[in-house]
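A closer look at the structure
Each chain is listed here by its residues.
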Amino acid sequence: AAHVRLRARLTRARAVSISRVSTLSAGLIQVLVFHSEHLDNVGYLEPGAQQKTYCCTSTLRKLGVPGCESAGHAIISPGKASEEVWQQDVTFGVNESRSQLLADYRVGKSGVHYLFFSSCDPGTGPVLIDGSTVWMNPYGFLPGELFHLLPFFGVMSLVYLGLGVLWSVLCARYWRELLRLQNCISGVIALGMVETATWYFDYVSFNSTGTRGVGPIVVGVFASTVKKTVSRLLVLVVSLGYGVVRPTLGADGARVVALGVVYFTFSMVLDTVSNISPITDISVPLRLLFILPVALLDAAFYWWIFSGLSRTLSQLLSRKQSAKLTLYRRFSHVLIASIVLSAAWVTWQMVVIISDSLDDRWDTLWIFDAFWHVLYAAILMAIACMWSPSQNNLQYAYSDELLQDDDAEHDDEGDEDGAAAKEAPSEAFSIGGEDADGGTGKCD
């Protein structure tokens, strides 16, 4: 059964040690555990005040504040709510500086629970609390808001594994015709496999031991950030027409690298903070400080991707390169669908964060991260499908298609040139340093 265990044996390494400085009088520490729905029933908010008062004083008692039954005790609203708040008193005798606590709280309802240590008795003096608490769910140590990520990353690992096997078979079969873009896709798929497998085994270990190793977190965050960065750069350079309508990125190359470095830095910070400390433990302004830069950089990526894609489509249309034009139109449809979904999702996520209703949505917080993993995987699979290795790979490599007219003689010449292009070695289409408007003179 789900429970919270508080240990306070002085002779044990994992004990909670409660000690104080002053021993001239008796003292009291109250320990409270309660469901988040009872948070309003603990403490008293005075009219015009911004912060609650949690300790009952003689003044508040005279005013008849509900729940202030005894000075030096925590304020807990009377009635049924008080019965739902678990209380444990830890007492100090005169001339006693140390005490101990060993108790179990049985969780009766799923949700966010709070643990309060209250020192309201003035005679207690300064108190030092040292030790640990054990939060156990029916399935293990994994926090409830993270539990669904365990099977999710298990499924995603299998998805990337299946995609990787299929992609490897196609690459092995058509290895002579592989394009540089397809090698990049192989790298992204490999990063996806490493990332999802690392997170899966990290959560398995966390669930069974109750602790998270630094190594898996570092590897997982790094692999995740690299994959997201490389994925965006891959989509960007494809949209700019690299290897299809232009042999090099030219001056855009430095800007692409700079954007990638900046995105990697901010995304690394966000992912590290999210994995070290739950998002619910971070104040709203700080959450926005971490999330907004990444969101703005994503917007910059999308703007550059679509502006570059528009120019690439115009070039392909003017050159009448029908095969590449069809491919890029399909690619644009995938990107449009992804940006609509992303915008809707970010809007909803920001509304949830600003409304500060995360306590009520604890069981769905995992979807915040899961959505992006699914979206990235879907885009990657769409790109892999459109640029899958085949015997016709070279028709998408950088070259200028010759315009065909209605003359039968020209049609025959075009067919001969097309055959020559298919028979040409892949080196004829390697990305060199020619001008973007130049060509190899081959006909697809």
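Each chain has its residues counted from 1, following the order in which its sequence is written. Under the rules for a predicted model, residues below a pLDDT of 70 receive no local features and side-chain atom pairs below 80 are neither given nor counted, while totals for whole chains, interfaces and linings still include all residues. Note that the side-chain values use all heavy atoms of the structure and ignore hydrogens as well as water.

This part is about the overall build of the protein chain. The way it works is that DSSP assigns letters per residue, a run of H or I at least four long becomes a helix, a run of E at least two long becomes a strand, and they are numbered from the N terminus. If you tally the helices and strands in the protein chain, you get eleven helices and nine strands. Taken across its 444 residues, the protein chain has 41% of its residues classed as buried. Whether two residues touch is decided by their heavy atoms; if any such pair falls within 4.5 Å, the residues are in contact. Within the protein chain, residue pairs in contact and separated by at least 24 positions form 76% of the contacts whose partners lie at least 6 positions apart. Per-residue accessibility, obtained with a 1.4 Å probe over protein chains only, is compared with the maximum for each type, and a residue is labelled buried under 20%, exposed over 50%, and partly exposed between these values.

What follows is about the state of the cysteines. Pairs of cysteine sulfur atoms within 2.5 Å are identified as disulfides in what follows. Enumeration over the complete set of coordinates arrives at two disulfides. The residue that forms a disulfide with Cys 55 is Cys 120, at a sulfur-sulfur distance of 2.1 Å. Measuring handedness by torsion sign, the sulfur bridge of Cys 55 and Cys 120 sits at about -75° and is left-handed. Here Cys 55, found in the loop between strand S3 (27-35) and helix H1 (58-62), pairs with Cys 120, found in the loop between strand S7 (113-118) and strand S8 (127-130); they are 65 residues apart in sequence, far enough to count as distant. Between the sulfur of Cys 56 and that of Cys 68 lies a disulfide, 1.7 Å long from S to S. Disulfide Cys 56-Cys 68: the torsion about the S-S bond is 75°, which places it as right-handed. Residue Cys 56 is located in the loop between S3 and H1, and its partner Cys 68 is located in the loop between H1 and helix H2 (80-84); the two are separated by twelve residues in the primary sequence. With a relative accessible area of 2%, Cys 56 lands in the buried category. For Cys 68, a relative accessible area of 5% translates into the label buried. Cysteine pairing for the protein chain (bonded cysteines numbered in sequence order): 1-4, 2-3.

Relative orientation and spacing of two packed helices are given, respectively, by the angle between their axes and the distance between those axes. Running from amino to carboxyl end, helix H6 (residues 214-239) crosses helix H9 (residues 322-355) at an angle of 140°, the nearest separation of the two axes being 12 Å. It follows that H6 is oblique to H9 by the angle criterion. Remark: the crossing between H6 and H9 carries left-handed chirality. Along its contact with H6, which presents Val 235, Val 238 and Ser 239, the element H9 presents Tyr 328, Phe 331 and Leu 335. By residue class, the composition of the contact of H6 with H9 is five nonpolar, one polar and no charged. Each axis is a line fitted through C-alpha atoms, taken for helices only over the stretch in contact, and angles between the N-to-C directions span 0 to 180 degrees. To sort the angles, those under 35 degrees are grouped as roughly parallel, those over 145 as roughly antiparallel, those from 65 to 115 as roughly perpendicular, and the leftovers as oblique. Handedness of a crossing follows from how the near helix is turned relative to the far one, being left-handed for an anticlockwise turn of less than a right angle and right-handed for a clockwise one. For this scheme, ten residues count as nonpolar: Ala, Val, Leu, Ile, Met, Phe, Trp, Tyr, Cys and Pro. Four count as charged, namely Asp, Glu, Lys and Arg, and the remainder, Gly too, count as polar.

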